[in-house]
Amino acid sequence: TVSVAREADRKRILEFFGNAGRASLLINKNADSRAMRINADLHKSQMDKVCDYIRQHLSEELRPEDFAEECSVSLSHFLRLFKFYYGMSIGTYICQVRLDAARQFLINQPDKTILEISMFCGFSSLSSFNRSFKKSTGYTPSEYRALGKG
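Calculation criteria
- Residues numbered from 1 in each chain as written.
- Predicted model: local features only at pLDDT ≥ 70, side-chain atom pairs only at ≥ 80, totals over all residues.
- Heavy atoms only, no water.
- Phe/Tyr/Trp six-rings, centres within 6.5 Å; stacked < 30°, edge-to-face > 60°.
- Helix = DSSP H or I, 4+ residues; strand = E, 2+ residues; numbered from the N terminus.
- Polar contact = N/O pair within 3.5 Å; in protein donor to acceptor, adjacent residues only side chain to side chain.
- Buried < 20%, exposed > 50% of the residue type's maximum accessible area, 1.4 Å probe, protein only.
- Salt bridge = Lys/Arg side-chain N within 4 Å of Asp/Glu carboxyl O.
- pLDDT = per-residue confidence, 0-100.
- Contact = heavy atoms within 4.5 Å.
- Axes fitted to C-alpha atoms, helices over the stretch in contact; angles between N-to-C directions.
- Parallel < 35°, antiparallel > 145°, perpendicular 65-115°, else oblique.
- Nonpolar A, V, L, I, M, F, W, Y, C, P; charged D, E, K, R; others polar.
- Expected span 1.5 Å × (residues − 1).

### Remarks on the packing of aromatic side chains
Argument step 1. For the structure on display, the rule yields 11 aromatic pairs.
Argument step 2. Members of the aromatic cluster, joined through ring pairs, are Tyr53, Phe67, Phe78, Phe82, Tyr86 and Tyr93.

### Considering the side chain of His57
Argument step 1. Topologically, His57 is positioned in the loop between helix H2 (33–56) and helix H3 (64–70).
Argument step 2. Side-chain polar atoms of His57 contact the backbone oxygen of Tyr53, separated by 3.0 Å.

### Observations regarding the environment of Leu115
Argument step 1. You can see Leu115 is positioned in helix H6 (residues 114–120).
Argument step 2. We classify Leu115 as partly exposed; its relative accessible area is 44%.
Argument step 3. Residues Leu115 and Ser127 lie 12 residues apart in sequence; the distance between their C-alpha atoms is 9.6 Å.

### Some thoughts on unusual backbone geometry
Argument step 1. Of note, Ser72 is a non-glycine position whose phi angle comes to about 60 degrees, a positive value.
Argument step 2. Tracing the sequence through the fold places Ser72 in the loop between H3 and helix H4 (75–86).
Argument step 3. Ser72 gets classed as partly exposed once you look at its relative accessible area, which sits at 32%.

### With respect to the pattern of salt bridges
Argument step 1. Scanning the entire structure with this criterion turns up four salt bridges.
Argument step 2. Across the pair Asp66 and Arg63 runs a salt bridge, and its minimum N-O distance is 3.3 Å.
Argument step 3. Take Asp66: its relative accessible area is 9%, and that puts it in the buried class.

### Some words on the confidence of the model for the protein chain
Argument step 1. Of all residues in the protein chain, 71% have pLDDT values of 70 or greater, and the mean over the chain is 82.
Argument step 2. Mean pLDDT values over the elements of the protein chain span from 60, in helix H1 (residues 2–17), up to 97, in H6.
Argument step 3. In the predicted structure, residues 19–38 sits below a pLDDT of 50 and forms 24 contacts with residues beyond four places in sequence or in another chain.

### A closer look at the packing of helix H5 (residues 90–108) against helix H7 (residues 126–137)
Argument step 1. The geometry of H5 relative to H7 is characterised by a closest axis approach of 11 Å and an angle of 90 degrees between their N-to-C directions. Judged on the interaxial angle alone, H7 and H5 are roughly perpendicular. For the pair formed by H5 and H7, the contact residues are Cys95, Leu99, Ala102, Arg103 and Leu106 on the first element and Phe129, Ser132, Phe133, Ser136 and Thr137 on the second.
Argument step 2. Residues of the contact of H5 with H7, tallied by class, amount to six nonpolar, three polar and one charged.

### Some words on H4
Argument step 1. Its 12 residues give H4 an end-to-end C-alpha distance of 16 Å, which sits within 8% of 16 Å, the value for a rise of 1.5 Å per residue.
Argument step 2. One or two residues past the end of H4 sits Gly87, with phi positive at roughly 70 degrees.

Shown next as structure tokens:
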């Protein structure tokens, strides 16, 4: 069932990206600067799509391997490209996006429990959410909600 779930995730990512990931240009060492700029623009466009996908699918398992495959690059190259364009690792970026969403939900959705918010934002457990949230804000999710930070 795990492989079926991963295949479904892969198909969902492919639908989101369309053929953009398959159209990646391969540049050899002797390529001219214009071709390299086209390649850089293509990679930036792909990285932007990755970020859009992450923001739209917070509650799902987000695996860098799947993004690399859809961008038609190796995992190590994808990780380097992501860090180059965004100045942080993809894991850090995903955590930041999830925490930003959680902060908004804590303030704007008082009827939702902290557990519901943590699961919706893609955290695997309440304890990992609490630990990440406190490290990021200096407050527990309950304290943050009570203070009405925003």
